[in-house]
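Here are the chains, one letter per residue:
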Number of protein chains: 2
Amino acid sequence: MESRIERLCTASGLRMTHPRRVIARVLSEAPDHPDVQELYQRTRAVDPRISLATLYRTVHLFEQSGILERRNLGSRRARYEPSGEHDHFHLVDLDSDKVIEFDEPETEALMHRVAARYGFDLVSLRIELFGRRTRHNTESRKTPQGSSSTPNTGDQVR
Amino acid sequence: MESRIERLCTASGLRMTHPRRVIARVLSEAPDHPDVQELYQRTRAVDPRISLATLYRTVHLFEQSGILERRNLGSRRARYEPSGEHDHFHLVDLDSDKVIEFDEPETEALMHRVAARYGFDLVSLRIELFGRRTRHNTESRKTPQGSSSTPNTGDQVR
DNA sequence: TTAGGTGCAAAGAATTTGCCTTTCA
DNA sequence: TGAAAGGCAAATTCTTTGCACCTAA
């Protein structure tokens, strides 16, 4: 069955090879912001013949076709996510590397005005917050508290 | 004569060697957001015996001492700037890589509230705008228009 | 005098590329 | 079938590190 990203690929007129289909599927199923190594593990799990070079090439291709977006989010490696239906920003948990996405349409509009003030047309903007879960007096909390025990590459919250 | 950054170094109790003094001076005089290669050229111009390894080590040291801040600003290489007297954000001219700094204290406060909403204490935040100079009907403009002809590493506007 | 810093060259990590083989349309 | 894509390994780019020699305090 065709994955969401695979549909975007064919819509963009990309030649759909086997590796691209696998990568598209892995990306479609990713709930997080994986880096290339992480994607490599996941594609290998599906088909170990797919090489790292192909992964890099494909991810670039998808990026240039506007299907994927590259993020840095504080780490050295680039991380990827499907291009937004809507714009959003990122809040990174420094203890677990998990990423929470959030909207701020007003802020976005404001940033367009800031750019305009300096004589610029805004092409893109990044807002990245880095923080740690509040350790408060009591145990009460607003957001469900993830088991922030394993500081690793992936993230889940969305 | 002692540079501003050199004073910060001694204030932090760092051992002031010759290479560190030169690097501190180069950083003090930088009006832009240079990357390590750029800093290397500038220190070599002062004293060609200073090695790239020392530059990396020094820049790390300064960063950990809170004297410098590392930025990415869209490029692969890390770029550095003296730690802020005040917080600010960056607007990058995509055609020239020049960087304009701007304040948005209200936005910053808002981002603290956003983080709090998710149960986080905000440690740091980045707001980076990427844009191009507005090409308008007439020639009138608000900001002085830099000769955005040479797309290179450095930037100047502040 | 000696702990800490430096230079040099080699090692690492992340990513890109050359080249020959394979595959999709 | 032919142009585009993939695999593999080597090359690049940016950054870090081991080690023997130097230098600031």
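Residues numbered from 1 in each chain as written. Chains lettered and ligands numbered in written order. Predicted model: local features only at pLDDT ≥ 70, side-chain atom pairs only at ≥ 80, totals over all residues. Heavy atoms only, no water.

A.B. asks: Can you help me understand the protein's contact with DNA strand C in this one?
C.D. replies: Of all residues adjacent to DNA strand C, which total 21 residues, the nearest are Y56(A), H60(A), R77(A), T17(B) and T54(B). When atoms of DNA strand C within 4 Å of the protein are sorted by moiety, sugar and phosphate together comprise 69%. At 2.8 Å, a side-chain N or O of H60(A) approaches a phosphate oxygen of DNA strand C. Between a phosphate oxygen of DNA strand C and a side-chain N or O atom of R20(B), the distance comes to 3.0 Å. At the level of elements, helix 4 (52-64) of chain A together with helix 2 (18-29) and helix 4 (52-64) of chain B are the ones that each hand at least two residues to the surface near DNA strand C. For the surface near DNA strand C, the per-class residue count stands at seven nonpolar, five polar and nine charged. (Near = heavy atom within 4 Å. Polar contact = N/O pair within 3.5 Å; in protein donor to acceptor, adjacent residues only side chain to side chain. Helix = DSSP H or I, 4+ residues; strand = E, 2+ residues; numbered from the N terminus. Nonpolar A, V, L, I, M, F, W, Y, C, P; charged D, E, K, R; others polar.)

A.B. asks: How do you make sense of the packing of helix 2 of chain B against helix 4 of chain B when you look at a structure like this?
C.D. replies: Each packed pair of helices is defined by two parameters, the angle between the axes and the distance between the axes. Residues and elements named next belong to chain B. Packing of helix 2 against helix 4 leaves a shortest axis separation of 10 Å and a crossing angle of 70 degrees. On the basis of their axis angle, the class for helix 2 and helix 4 is roughly perpendicular. Seen along the crossing, helix 2 lies across helix 4 with a hand that is right-handed. Every residue of helix 4 that contacts helix 2 at P19, R20, I23, A24 and L27 is listed here: T54, L55, T58, L61 and F62. Grouping the constituent residues of the contact of helix 2 with helix 4 by class yields seven nonpolar, two polar and one charged. (Axes fitted to C-alpha atoms, helices over the stretch in contact; angles between N-to-C directions. Parallel < 35°, antiparallel > 145°, perpendicular 65-115°, else oblique. Left-handed = near helix turned anticlockwise from the far one by under 90°. Contact = heavy atoms within 4.5 Å.)

A.B. asks: How do you make sense of the pattern of salt bridges when you look at a structure like this?
C.D. replies: Side-chain pairs of opposite charge can arise whenever the charged atoms involved come near each other. In total, this model carries 28 salt bridges over all chains according to the counting rule given. Notably, a salt bridge pairs R117(B) with E104(A), separated by 3.5 Å at the nearest N-O pair. Highlighted residues: R117(B) in helix 5 (residues 105-117) and E104(A) in the loop between strand 4 (99-102) and helix 5 (105-117), drawn from two different chains. The partner of R126(A) in a salt bridge is E128(A), and the shortest N-O contact between them spans 3.8 Å. There is no split in this pair, since R126(A) and E128(A) are both buried. When salt bridges with common partners are traced through the structure, they connect R126(A), E128(A), R126(B) and E128(B) into a single cluster. (Salt bridge = Lys/Arg side-chain N within 4 Å of Asp/Glu carboxyl O. Buried < 20%, exposed > 50% of the residue type's maximum accessible area, 1.4 Å probe, protein only.)

A.B. asks: Please explain the side chain of R71(B) as it appears in this structure.
C.D. replies: Residues and elements named next belong to chain B. You can see R71 is positioned in strand 1 (residues 68-71). Relative accessible area serves as the criterion here: at 11%, R71 is assigned to the buried category. If we skip the residues at most four places from it in the chain, R71 touches R77, A78, R79, E81 and H90.

A.B. asks: Got a minute to help me understand the protein's contact with DNA strand D in this structure?
C.D. replies: The environment of DNA strand D is made up of 19 residues, and the closest members are R49(A), T54(A), Y56(B), H60(B) and R77(B). For DNA strand D, the fraction of atoms within 4 Å of the protein that belong to sugar or phosphate moieties is 69%. Take R15(B): an N or O atom from its side chain is 2.8 Å from a base oxygen of DNA strand D. H60(B) is positioned such that a nitrogen or oxygen atom in its side chain is 2.9 Å from a phosphate oxygen of DNA strand D.

A.B. asks: Honestly, helix 5 of chain A in this entry has me stumped. Any pointers?
C.D. replies: Within an α-helix, residues lying three or four positions from one another point in the same direction, as the helix has 3.6 residues per turn. Relative to the 18 Å expected for 13 residues at 1.5 Å per residue, helix 5 of chain A spans 19 Å between its end C-alpha atoms, a close match to the ideal helical length. The complete set of buried residues in helix 5 of chain A reads T107(A), E108(A), M111(A), V114(A) and A115(A). Looking straight down helix 5 of chain A, one finds its buried side chains confined to an arc of 110 degrees; they lie on one side. The exposed residues of helix 5 of chain A that point more than 90 degrees off its buried face are P105(A), E106(A) and R113(A). In this structure, the buried residues of helix 5 of chain A make contact with strand 3 (89-93) and strand 5 (120-133) of chain A together with strand 3 (89-93), strand 4 (99-102), helix 5 and strand 5 (120-133) of chain B. Of the residues trailing helix 5 of chain A, G119(A) is marked for its positive phi of about 85 degrees. (Expected span 1.5 Å × (residues − 1). Arc of directions from axis to C-beta.)

A.B. asks: I keep staring at the relation of the copies chain B and chain A and nothing clicks. Help me out?
C.D. replies: For the pair of chain copies, the relating operation is a rotation around an axis with a shift along it. Mapping chain B onto chain A leaves a residual RMSD of 0.1 Å; the transformation is a rotation of 179 degrees accompanied by 0.0 Å of translation along its axis. Considering both components of the superposition, the chain copies are consistent with a two-fold axis. Taking C-alpha positions as reference, the residue of chain B nearest the rotation axis is I127(B), located at 2.2 Å. Comparing interface residues between copies, 100% of those in chain B also lie at the interface in chain A; the contact surface is shared. (Least-squares fit on C-alpha atoms with pLDDT ≥ 70 in both.)

A.B. asks: Before we go on, may I ask you to explain the interface of chain B and chain A in this structure?
C.D. replies: A common way to report how large an interface is uses the accessible area buried once the components associate. Tallying the contact residues gives 36 residues for chain B and 36 residues for chain A. Both faces combined, the contact of chain B with chain A buries some 3200 Å², and carbon together with sulfur accounts for 61% of it. Three residues, Y118(B), F120(B) and R126(B), lead the burial of chain B against chain A; their summed loss comes to 22% of the area buried on that side. Run the count over chain B and chain A and you get four salt bridges. If you list the elements that add at least two residues to the side of chain B that touches chain A, you get strand 3, strand 4, helix 5 and strand 5 of chain B. Of the residues forming the side of chain B that touches chain A, the biggest block, 14 residues, is contributed by strand 5 of chain B. Residues belonging to the side of chain B that touches chain A are distributed by class as follows: 17 nonpolar, eight polar and eleven charged. Taken together, the 13 bridges between strand 5 of chain A and strand 5 of chain B define a ladder with antiparallel strand orientation. Pairing of R133(A) across the sheet is with F120(B), part of strand 5 of chain B. (Buried area = accessible area lost by both parts, 1.4 Å probe. Pairing = 2+ DSSP bridges.)

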